[in-house]
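Here's the letter readout for the chains.
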Amino acid sequence: MFSNMPRTQPILQWLSLFILVELCLPSHGDVGTAAQYDPPYIPAACYGSDPSQFPSSNLFAAVGDGIWDNGASCGRQYLVRCISATAPETCVVDQTVQIRVVDYVPTAASNPSAGGTTIVLSKTAFGAIANSSAASINIEFQQV
Ligand SMILES: *[C@@H]1O[C@H](CO)[C@@H](O)[C@H](O)[C@H]1NC(C)=O
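Below or above, wherever it landed, is the structure these notes cover. (Residues numbered from 1 in each chain as written. Predicted model: local features only at pLDDT ≥ 70, side-chain atom pairs only at ≥ 80, totals over all residues. Heavy atoms only, no water.)

### Re the overall build of the chain
To keep it simple, the criterion reads: Here a helix means four or more residues in a row that DSSP labels H or I, a strand means two or more in a row labelled E, and each is numbered from the N terminus. Throughout, exposure labels follow a simple rule: accessible area from a 1.4 Å probe, protein chains only, divided by the maximum for the residue type, with under 20% read as buried, over 50% as exposed, and the rest as partly exposed.
When its secondary structure is counted, the chain shows three helices and six strands. For the chain, the sequential pattern of α-helices and β-strands runs α-β-β-α-β-β-β-α-β. Here the chain, with 144 residues, has 33% of them falling under the buried criterion.

### A word on a nonpolar patch on the surface
So the rule is basically this: Each patch is built from residues that are more than 30% exposed by relative accessible area and take part in no salt bridge. Like charges join if they lie within 9 Å; nonpolar side chains (Val, Leu, Ile, Met, Phe, Trp, Tyr) join within 5 Å. Accessible areas in this description were obtained via Shrake-Rupley with a 1.4 Å probe; residue shielding takes into account the shown protein chains only. What counts as a salt bridge is simple: a side-chain nitrogen of Lys or Arg found within 4 Å of a carboxyl oxygen of Asp or Glu.
A contiguous nonpolar surface patch, about 400 Å² in accessible area, is contributed by Leu-12, Leu-15, Phe-18 and Ile-19. Structurally, Leu-15 is set in helix α1 (residues 9-24).

### Some remarks on the side chain of Thr-117
As a reminder of what qualifies: As used in this structure description, the phrase polar contact means that two N or O atoms lie within 3.5 Å; if the pair is within protein, one of them must be able to donate a hydrogen and the other to accept it, and residues adjacent in sequence are counted only when both atoms belong to side chains. Here, residues are in contact when the closest pair of their heavy atoms is within 4.5 Å.
Mapping Thr-117 onto the fold places it in the loop between β4 (96-104) and β5 (119-122). Here the side chain of Thr-117 touches Ile-119 through a polar contact of 2.9 Å, landing on its backbone oxygen. In contact with Thr-117, other than residues within four places in its own chain, are Thr-33, Ala-34, Ala-35, Gly-64 and Ser-136.

### Some remarks on the nonpolar core
As a rule of thumb, soluble globular proteins bury nonpolar side chains together. We apply this condition: Side-chain atoms within 4.5 Å link the members of a nonpolar core, which is a set of buried Ala, Val, Leu, Ile, Met, Phe, Trp, Tyr and Cys residues.
Core analysis: the largest hydrophobic core is formed by 25 residues, its most contacted members being Val-80, Ile-99, Ile-119, Leu-121 and Ile-137. Where this core is concerned, the elements lending two or more residues are β2 (60-63), α2 (65-68), β3 (77-84), β4, β5, α3 (123-129) and β6 (137-143). Per element, the largest residue contribution to this core is four residues, and it comes from β4. Once you skip the residues sitting within four places of it in the chain, Ile-119 turns out to touch Thr-33, Ala-34, Ala-35, Ala-61, Ala-62, Val-63, Val-80, Ile-99 and Ile-139.

### Quick notes on the side chain of Gln-36
Tracing the backbone shows Gln-36 in strand β1 (residues 30-37). From its side chain, Gln-36 meets the backbone oxygen of Ser-132 in a polar contact 2.8 Å long. Once residues within four sequence positions are removed from consideration, Gln-36 is found in contact with Asn-111, Pro-112, Ser-113, Val-120, Leu-121, Lys-123, Phe-126, Ser-132, Ala-134 and Ala-135.

### Quick look at the environment of Ser-136
Among the structural elements, Ser-136 can be located in the loop between α3 and β6. Judged by relative accessible area, Ser-136 falls into the partly exposed class, the value being 32%. Note: C-alpha distance between Ser-136 and Thr-117 (19 residues apart in sequence) is 7.9 Å.

### What about the pattern of salt bridges?
Per the counting criterion, the structure on display carries three salt bridges. Between Asp-69 and Arg-76 there is a salt bridge, and its shortest N-O distance comes to 3.2 Å. You can call Asp-69 partly exposed: its relative accessible area is 42%. Residue Arg-81 pairs with Glu-140 through a salt bridge whose shortest N-O separation is 3.1 Å. Remark: Glu-140 occurs in strand β6 and Arg-81 occurs in strand β3; sequence separation between them is 59 residues.

### Topic: the state of the cysteines
What counts, and what does not: The term disulfide is used for any two cysteine sulfur atoms that are within 2.5 Å.
The tally for this structure, following the rule as stated, stands at two disulfides. Across the disulfide from Cys-46 sits Cys-74; the S-S distance is 1.9 Å. Linking Cys-46 and Cys-74, the disulfide has an S-S dihedral of approximately -80 degrees and is accordingly described as left-handed. With Cys-46 in the loop between β1 and β2 and Cys-74 in the loop between α2 and β3, this pair connects stretches of sequence that are 28 residues apart. Here Cys-46 falls in the buried class, since its relative accessible area comes to 18%. Cysteines bonded in the chain are numbered consecutively along the chain; their disulfide partners then correspond to 1-2, 3-4.

Listed below in structure tokens is the structure:
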């Protein structure tokens, strides 16, 4: 009884399924890389040495040119998730952190664990989503 169905039908069905899944997935973030940095965290490019710039959770970050936006990114919050790394099992599965932008990587008070990454996470933020002995990880991130 299905012999009269057009041959394109299965393709259309797969396409609709794909679109449906895309629409239902919780995140549509960008993909990038992240390193980590140690104290000293001040002075930082956004708010100088003001201690109140750091959330009590210690989840904050310095950002590179791709996000910095001439300083407009200061105070913005991002959700960051580890998606992969060079060494297997580096990422903490299904763990996302919400970080606050407080600094600009090229002028940060301490050096990042790896150069040229999209974002440099505080030690606490990095350790929450990945093995803290890793120098850099691949991330998915999304502005809140
Ligand atoms: C983190 O990575 C290091 C170096 O690769 C490894 O020795 C250690 O076992 C890892 N720690 C965890 C908790 O997986």
